[in-house]
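Spelled out from the first residue to the last, the chains are:
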Amino acid sequence: MRYVKKECDPVFASVDKVLEIISKSKSLHILYILNFKNKALRFSELKTKVDSSSTTISRRLNELEKCGLVIRTPCEDSNNRMEYSLSKDAKSLSPIIQSLYDWVSKSQMHVQTIA
């Protein structure tokens, strides 16, 4: 029997990359907060809303910026402080993220503590 190697649809590879990025700890939460607030937020505001360590928030913001989902801009009142907002691509992804949150909320599929 002869096996024919089929090429994987490149869209699947791209979907896998997006899922890899947004499934990291706090990535979805950051995107959700930025979408919900619908304005640029400073690092400290995001850290408070997401309730995570500075290291985790910093890593996720850098990763999200690198892949084009978050835009980092200097604050108008200070060159040392940055604000973060959603890119056009992230805004188009927002309904999908909202749907995921809504689905979990409606389905009662919450993470249960393992005793």
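In case you missed it, the structure is sitting above this.
Trainee: When you look at the overall build of the protein chain in this model, what are you seeing that I'm missing?
Mentor: Secondary structure assignment for the protein chain yields five helices and three strands. When the helices and strands of the protein chain are read in sequence order from the N terminus, they spell out α-α-β-α-α-β-β-α. Here the protein chain holds 115 residues, and 23% of them are scored as buried. The contacts of the protein chain with a sequence gap of at least 6 include a subset with a gap of at least 24, amounting to 49%. For the protein chain, the exposed area adds up to about 8900 Å²; of that, 53% sits on carbon and sulfur atoms.

Trainee: Whenever I open this one, helix 4 (residues 54-66) confuses me. Can you help?
Mentor: Here helix 4 contains 13 residues, and its C-alpha end-to-end distance of 18 Å stays within 8% of the 18 Å for a straight helix at 1.5 Å per residue. Listed as buried for helix 4 are Thr 56, Ile 57, Arg 60, Leu 61 and Leu 64. The arc enclosing the buried residues of helix 4, seen along the axis, measures out at 125°, which places them on a common side. In helix 4, those exposed residues whose orientation departs by more than 90 degrees from the buried face are Arg 59 and Lys 66. Taken together, the buried residues of helix 4 touch helix 1 (10-22), helix 2 (27-37), helix 3 (43-50), strand 2 (70-75) and strand 3 (78-86). Just downstream of helix 4 lies Gly 68, where phi reads positive at about 90°.

Trainee: Explain the packing of helix 3 against helix 4 here, please?
Mentor: Helices that pack against each other are described as a pair by the angle of their axes relative to one another and the distance between those axes. Across the interface, helix 3 lies against helix 4 with an axial gap of 10 Å and an inter-helix angle of 115°. Judged by the inter-axis angle, helix 3 sits roughly perpendicular to helix 4. Where helix 3 crosses over helix 4, the two elements pack in a sense that is right-handed. Along its contact with helix 3, which presents Phe 43, Leu 46, Lys 47 and Val 50, the element helix 4 presents Ser 54, Ile 57, Ser 58 and Leu 61. Residues of the contact of helix 3 with helix 4, tallied by class, amount to five nonpolar, two polar and one charged.

Trainee: Would you mind showing me how to read the packing of helix 2 against helix 5 (residues 88-107) here?
Mentor: Helix 5 packs onto helix 2 with a crossing angle of 110° between their chain directions and a minimal axis gap of 10 Å. The pairing of helix 2 with helix 5 is recorded here as roughly perpendicular in orientation. Residues Leu 28, His 29, Leu 31, Tyr 32 and Asn 35 of helix 2 form the contact with helix 5, whose participating residues are Ala 90, Ser 94, Ile 97, Gln 98, Leu 100 and Tyr 101.

Trainee: Even after reading the chapter, I still don't get the sheet that holds strand 3, so can you show me in this structure?
Mentor: The strands making up a sheet associate through backbone hydrogen bonding, with each pair oriented either parallel or antiparallel. Strand order in the open sheet formed by three strands is 1-3-2, and the pairing between neighbours is antiparallel. Of all the strands in the sheet, the pair left with one neighbour each is strand 1 (41-42) and strand 2. Sheet topology places strand 2 next to strand 3; six bridges connect them, and they run antiparallel. Directly across from Cys 75, in strand 3, lies its bridge partner Ser 78. Each of strand 1, strand 2 and strand 3 touches helix 2; the most contacted strand, strand 3, lies at about 90° to it.

Trainee: Could you clarify how one ought to interpret a nonpolar patch on the surface in this entry?
Mentor: On the surface, Val 11, Val 15 and Leu 19 cluster together into a nonpolar patch covering about 250 Å² of accessible area. With respect to the secondary-structure elements, Val 15 resides in helix 1.

Rules behind the numbers
- Residues numbered from 1 in each chain as written.
- Predicted model: local features only at pLDDT ≥ 70, side-chain atom pairs only at ≥ 80, totals over all residues.
- Heavy atoms only, no water.
- Helix = DSSP H or I, 4+ residues; strand = E, 2+ residues; numbered from the N terminus.
- Buried < 20%, exposed > 50% of the residue type's maximum accessible area, 1.4 Å probe, protein only.
- Contact = heavy atoms within 4.5 Å.
- Areas by Shrake-Rupley, 256 points an atom, 1.4 Å probe, with all protein chains shown as cover.
- Expected span 1.5 Å × (residues − 1).
- Arc of directions from axis to C-beta.
- Axes fitted to C-alpha atoms, helices over the stretch in contact; angles between N-to-C directions.
- Parallel < 35°, antiparallel > 145°, perpendicular 65-115°, else oblique.
- Left-handed = near helix turned anticlockwise from the far one by under 90°.
- Nonpolar A, V, L, I, M, F, W, Y, C, P; charged D, E, K, R; others polar.
- Pairing = 2+ DSSP bridges.
- Patch = residues over 30% accessible without salt bridge, like charges linked within 9 Å, V, L, I, M, F, W, Y side chains within 5 Å.
- Salt bridge = Lys/Arg side-chain N within 4 Å of Asp/Glu carboxyl O.

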